[in-house]
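# Per-entry structural report
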Amino acid sequence: QVQLVESGGGLVQPGGSLRLSCAASGSGFSTYVMAWYRQAPGKQRELVASISTGGRTNYADSVNGRFTISRDNAKNTVSLQMNSLKPEDTALYYCNARHYLIQSRNYWGEGTLVTVSS
């Protein structure tokens, strides 16, 4: 069992930056593919960025070049650095952990709200 707790959301002006963090409890953090998803009002949840157990990253086209995902296996954390934020980045951001081999081991945090507005 893995429990995920997100932090770092808030209100930021367009063009600003925020750093989201996700702290994981439980064992085997390094065996999980970690990802950030987001869900805007009235829209489906979408993948923002992911990082494999080996550190390979993947980004949605809409955030590529602006967002950076990273993980610290020693601290059981994954972060999302968000720069040049746009109003369309406004959403509830969720941390996700999916075991690299056992698909049923798939866990979600409760989310942290990011609002980009002037």
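For the structure, check the block above.
These notes cover the structure that comes with them. Not measured: the values here are computed from a predicted model.

### Overview of the side chain of arginine 66
By the element assignment, arginine 66 lies in the loop between β6 (57–59) and β7 (67–72). Under the relative-accessibility criterion, arginine 66 is labelled buried at 11%. Excluding anything up to four places from it in sequence, arginine 66 contacts Gln81, Met82, Asn83, Ser84, Leu85, Lys86 and Asp89.

### Thoughts on the pattern of salt bridges
For the structure on display, the rule yields three salt bridges. Put simply, glutamate 46 and arginine 38 hold a salt bridge, and the shortest N to O gap is 2.7 Å. Glutamate 46 gets classed as partly exposed once you look at its relative accessible area, which sits at 35%. Residue arginine 38 is classed as buried on the basis of its relative accessible area of 6%.

The rules behind the values
- Residues numbered from 1 in each chain as written.
- Predicted model: local features only at pLDDT ≥ 70, side-chain atom pairs only at ≥ 80, totals over all residues.
- Heavy atoms only, no water.
- Helix = DSSP H or I, 4+ residues; strand = E, 2+ residues; numbered from the N terminus.
- Buried < 20%, exposed > 50% of the residue type's maximum accessible area, 1.4 Å probe, protein only.
- Contact = heavy atoms within 4.5 Å.
- Salt bridge = Lys/Arg side-chain N within 4 Å of Asp/Glu carboxyl O.

Everything listed here is a matter of coordinates, which is why it stays silent on function.
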